[in-house]
Structures are given as C-alpha cells and as structure tokens.
Amino acid sequence: MAYVDGFVVAVPRQNLKAYEDMARLAGTVWKEHGALTYVECVGDDVPYGELTSFPRSVQAKDDEVVVFSWITYPSRQERDAINAKVMADPRLKDSMTSAPFDAKRMIYGGFTTLMEM
C-alpha cells in the first residue's frame, strides 16, 4: 500500500491564488519525480473547535483558510528518494523562502497506510 505525506497549512485568503500557483508547480515537480498523487484541498466545512480542530492546529486567523494536502508514493523508501530529487530541483529553489503562507505553522508528517478501500 502507498506511503502518504500529509500537510495542513493556514493560507491568507488574499494569497490563495499565489498558493495555488505554487502548489501547481510543486505538484508537477513531485509527479515528474515519481509521486503517485498530489492533492490540495481548501477548507469548506472546518469549524474552529473548542479543544481541537484543523484551524486550531495551524492557529488559523479570521482572514485565513485551512488547506489540507497529501502526496502518495509507492513506499517510504521511494518517498525518501523522490523527496531528495524534489528538494534538489531548481524549479522549487525559492518556493519556501517566498511561500504565500506562514510555514512555521505548517503541520506535516509521513504515514504508512493502515487500510485502503
């Protein structure tokens, strides 16, 4: 089963188009280097919870929208190899230094698939 990298970020609404442009380029690069899928989703029904929630997890402000993303790979080993190629790709050289969101509030991690239906 696939290995998955997951991400949650808060993007200022006025930067959503710039984020989409950045994500489109990133997705192209990841797919060219071997990722199986690259998905970006904008929060539509993500209420601010009393204790926990997607907005709380990234300290989303009133003028920000939560973006939930994932990339799938054939395995953890292939993910590591693909990510090394992606990080060395010159097309993404400045993407995080000029990101249209606060990268310090990004949540991310790698996950093994428990089940898939």
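Criteria and cut-off values
Residues numbered from 1 in each chain as written. Predicted model: local features only at pLDDT ≥ 70, side-chain atom pairs only at ≥ 80, totals over all residues. Heavy atoms only, no water. Helix = DSSP H or I, 4+ residues; strand = E, 2+ residues; numbered from the N terminus. Rg over C-alpha atoms; globule rule 2.2 N^0.38 Å. Buried < 20%, exposed > 50% of the residue type's maximum accessible area, 1.4 Å probe, protein only. Contact = heavy atoms within 4.5 Å. Pairing = 2+ DSSP bridges. Axes fitted to C-alpha atoms, helices over the stretch in contact; angles between N-to-C directions. Expected span 1.5 Å × (residues − 1). Arc of directions from axis to C-beta. Core = buried A, V, L, I, M, F, W, Y, C linked by side-chain atoms within 4.5 Å.

Let's talk about the overall build of the chain
Working step 1: Check the secondary structure of the chain and you find 3 helices and 4 strands.
Working step 2: For the chain, whose C-alpha radius of gyration is 15 Å, the value lies close to the compact-globule estimate of 13 Å for 117 residues.
Working step 3: When burial is assessed residue by residue, the chain has 36% of its 117 residues classed as buried.
Working step 4: Restricting the contact set of the chain to residue pairs at least 6 apart, pairs at least 24 apart contribute 82%.

Details of the sheet that holds strand S2 (residues 37-42)
Working step 1: One open sheet holds the 4 strands; their spatial order is S2-S3-S1-S4, and the pairing between them is antiparallel. Two strands bound the open sheet, and with one partner strand each, they are S2 and strand S4 (107-112). Strand after strand, the sheet turns through a mean of 15 degrees between neighbouring axes, direction not considered.
Working step 2: With respect to the sheet, helix H1 (residues 16-32) is in contact with strand S1 (3-12), S2 and strand S3 (64-73), its orientation differing from that of S2 by roughly 165 degrees.

Looking at unusual backbone geometry
Working step 1: Even without being a glycine, Gln59 presents a positive backbone phi close to 50 degrees.
Working step 2: Among the secondary structure elements, Gln59 is positioned in the loop between helix H2 (54-57) and S3.
Working step 3: Among the residues examined, Gln59 registers a relative accessible area of 53% and is labelled exposed.

Describing H1
Working step 1: The end-to-end C-alpha distance of H1 is 24 Å, a good match for the 24 Å that 17 residues give at a rise of 1.5 Å each.
Working step 2: Within the sequence span of H1, burial applies to Tyr19, Met22, Ala23, Ala26, Gly27, Val29 and Trp30. An end-on view of H1 places all buried positions within 165 degrees of arc, on one side of the element. When the buried face of H1 is taken as reference, the exposed residues oriented beyond 90 degrees from it are Lys17, Arg24 and Glu32.
Working step 3: Lining the buried residues of H1 we find S1, S2, S3 and helix H3 (76-88).

Remarks on the nonpolar core
Working step 1: Listed in full, the 11 residues of the largest apolar core are Tyr3, Phe7, Ala26, Val29, Trp30, Ala35, Ile71, Tyr73, Ile82, Val86 and Leu92.
Working step 2: Among the secondary structure elements, those contributing two or more residues to this core are S1, H1, S3 and H3.
Working step 3: The element that contributes the greatest number of residues to this core is H1, accounting for 3 residues.
Working step 4: Membership of the second largest hydrophobic core comes to 9 residues, among which are Val9, Val11, Tyr19 and Ala23.

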